[in-house]
Amino acid sequence: MLLRTLLIRNGQILSLDQLTRELWGENPPVRARASIHVYVSQLRKILNQFSRNDGVITTRTPGYVLNLGHDELDLELFLALSEKGRMQMGMHRYTAAAQTLTEALRLWREPVQATSYEGPIIREFANWAEELRVECLEMLARSLLAANETSEAVRILYSLISEYPLREKFHAFLMEALSLSGRRADALEVYQAARNQIRAELGLEPCRFLQETHEYILHDRLDNLSVIRARRDRVAQARTA
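The notes below deal with the structure included here. From a predicted model like this one, the values you see are computed outputs, not experimental measurements.

To continue, consider the overall build of the protein. Within the protein, the secondary structure is distributed over 11 helices and three strands. Counting every position in the protein, which comprises 241 residues, the buried fraction comes to 42%. Residue pairs in contact within the protein that sit at least 24 positions apart in sequence constitute 55% of those at least 6 positions apart. Carbon and sulfur atoms form 50% of the exposed surface of the protein, whose accessible area is close to 13,600 Å².

This is the structure in structure tokens:
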């Protein structure tokens, strides 16, 4: 946990109070600070063997700071690849974007479950990192859809709605991908299942975007799907510009 915390705040000083709270919460042991000093000493010995920098962890009042180069962290590479994929999508280079985003996602070992951690620093990071992963998966699905790689888009979108069943846009994207794959009946079933779950759990009707997608598929107006897809992508790009 100490290593995770230092990695998350790479290049930033973490006080002994922050580290104590992260490791033990509100009820630290009597010798918490002494234990942290021992843990840091052990980590130094390990990290100095593998890092390109000397003195990876340094003592800085009021605590410690870990100094790894950005090129030594998978997270930094993931962020760079994700942004590159976003730019390629903006230039309508969807096949290239799909390749870039796939490369970014290979850096992930598994989803980060924020509920597994009690410390505020790790928990906040876990929530942020998970949103990054989901956003990258969404962009990959959209890129594949735009590149007419619908079967792979369908697989990704089914996994997303299984993880996040109340995120309506994932259902809409899946319906579009299924419809473009010639699976119109399956697309309509996705809508009914989503609508039933949203009504049961939230007491609401599906959002306008999801309803529009349903109407276009129901009346076999697939051309309209490409129009709203383009509109959706323009809005998304404007928000991230």
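Here the narrative resumes.
Turning next to the sheet that holds strand E1 (residues 13-15). Read across the open sheet, the three strands follow the order E1-E3-E2; overall the sheet is antiparallel. Taken across any chain shown, the strands that pair with only one partner, and hence form the sheet edges, are E1 and strand E2 (57-60). If you compare each strand with its neighbour and ignore which way they point, the axes differ by 30° on average. When E2 meets strand E3 (residues 63-66), the two strands line up antiparallel, connected through four bridges. Looking across to E3, one finds that Arg60 is bridged to Gly63.

Leu16, Leu19, Thr20, Glu22 and Leu23 are the residues of helix H2 (residues 16-24) that are buried. In a view along the axis of H2, the buried residues occupy a sector of 165°, so they form one face of it. For H2, the elements touching its buried residues are helix H1 (2-8), E1, helix H3 (32-50), E3 and helix H6 (120-146). Two residues or fewer past H2, Gly25 is found with a positive phi of approximately 70°.

Moving on: the environment of Glu138. Structurally, Glu138 can be placed in helix H6. Judged by relative accessible area, Glu138 falls into the buried class, the value being 8%. Separated by 35 residues in sequence, Glu138 and Phe173 place their C-alpha atoms 9.0 Å apart. When sequence neighbours within four positions are dropped, the list of residues in contact with Glu138 reads Leu160, Lys169, Phe170 and Phe173. Separated by 2.9 Å, the side chains of Glu138 and Lys169 make a polar contact.

This part is about H3. Helix length check: H3 (19 residues) gives 27 Å between terminal C-alpha atoms against 27 Å at 1.5 Å per residue, within 8%. Within H3, the full set of buried residues consists of Ala32, Ile36, Val40, Leu43 and Leu47.

Turning to its location among the elements, His214 is positioned in helix H10 (residues 208-218). According to the relative accessible area criterion, His214 is buried, its value standing at 10%. Among all residues touching His214, those that are not within four sequence positions of it are Met175, Leu188, Tyr191 and Gln192.

Taken as a whole, this structure holds four aromatic pairs when the rule is applied. Centroid distance Phe78 to Trp108: 5.5 Å. Interplanar angle 85°. Geometry classified as edge-to-face. Taken together, the positions of Phe78 in helix H4 (residues 74-90) and Trp108 in the loop between helix H5 (94-105) and H6 put the pair 30 residues apart, joining distant regions of the chain. The pair formed by Phe78 and Trp108 is uniform in burial state, with each residue classed as buried. Ring centres of Phe173 and Phe209 lie 6.2 Å apart, and the angle between their planes is 70°; this geometry places the pair in the edge-to-face category. Pair noted here: Phe173 is in helix H8 (residues 168-180) and Phe209 is in helix H10, with a separation of 36 residues, a long-range link. With respect to class, Phe173 is no different from Phe209; both count as buried. The aromatic ring of Tyr164 is capped on one face by Arg167, whose charged end is 4.3 Å from the ring centroid.

Definitions and limits used
Per chain, the residues get numbers from 1 upward, laid out in the order the sequence is written. In keeping with the predicted nature of the model, local features appear solely for residues at pLDDT of at least 70, side-chain atom pairs appear and are counted solely at 80 or more, and the whole-chain, interface and lining totals rest on all residues. Each side-chain value is worked out from all heavy atoms of the structure, with water and hydrogens disregarded. Secondary structure elements are defined from DSSP: runs of H or I of at least 4 residues count as helices, runs of E of at least 2 residues count as strands, and each element is numbered from the N terminus. Burial here depends on accessible area, computed with a 1.4 Å probe over protein chains only, as a share of the maximum for the residue type. Under 20% is buried, over 50% is exposed, and the range in between is partly exposed. By definition, residues are in contact when any of their heavy atoms lie within 4.5 Å. Note on areas: Shrake-Rupley with a 1.4 Å probe; residue coverage comes only from the protein chains shown. At least two DSSP bridges between two strands are needed for those strands to be called paired. Where helices are involved, their axes are fitted lines through C-alpha atoms of the stretch in contact, as for all axes, and angles between N-to-C directions lie from 0 to 180°. The arc refers to the directions leading from the helix axis to the C-beta atoms. For the purposes of these results, a polar contact is taken to be a pair of N or O atoms within 3.5 Å, where, inside protein, one atom must be able to donate a hydrogen and its partner to accept one; residues adjacent in sequence count only when each atom of the pair is a side-chain atom. The length a helix should cover is 1.5 Å for every residue beyond the first. Classification of ring pairs uses Phe, Tyr and Trp, with its six-membered ring standing for Trp, and accepts pairs whose centres are within 6.5 Å; under 30 degrees between planes counts as stacked, over 60 as edge-to-face, and the remaining range as tilted. Working rule: Lys NZ or Arg CZ, within 6 Å of ring centre, within 35 degrees of ring normal, means a charge sits over the ring.

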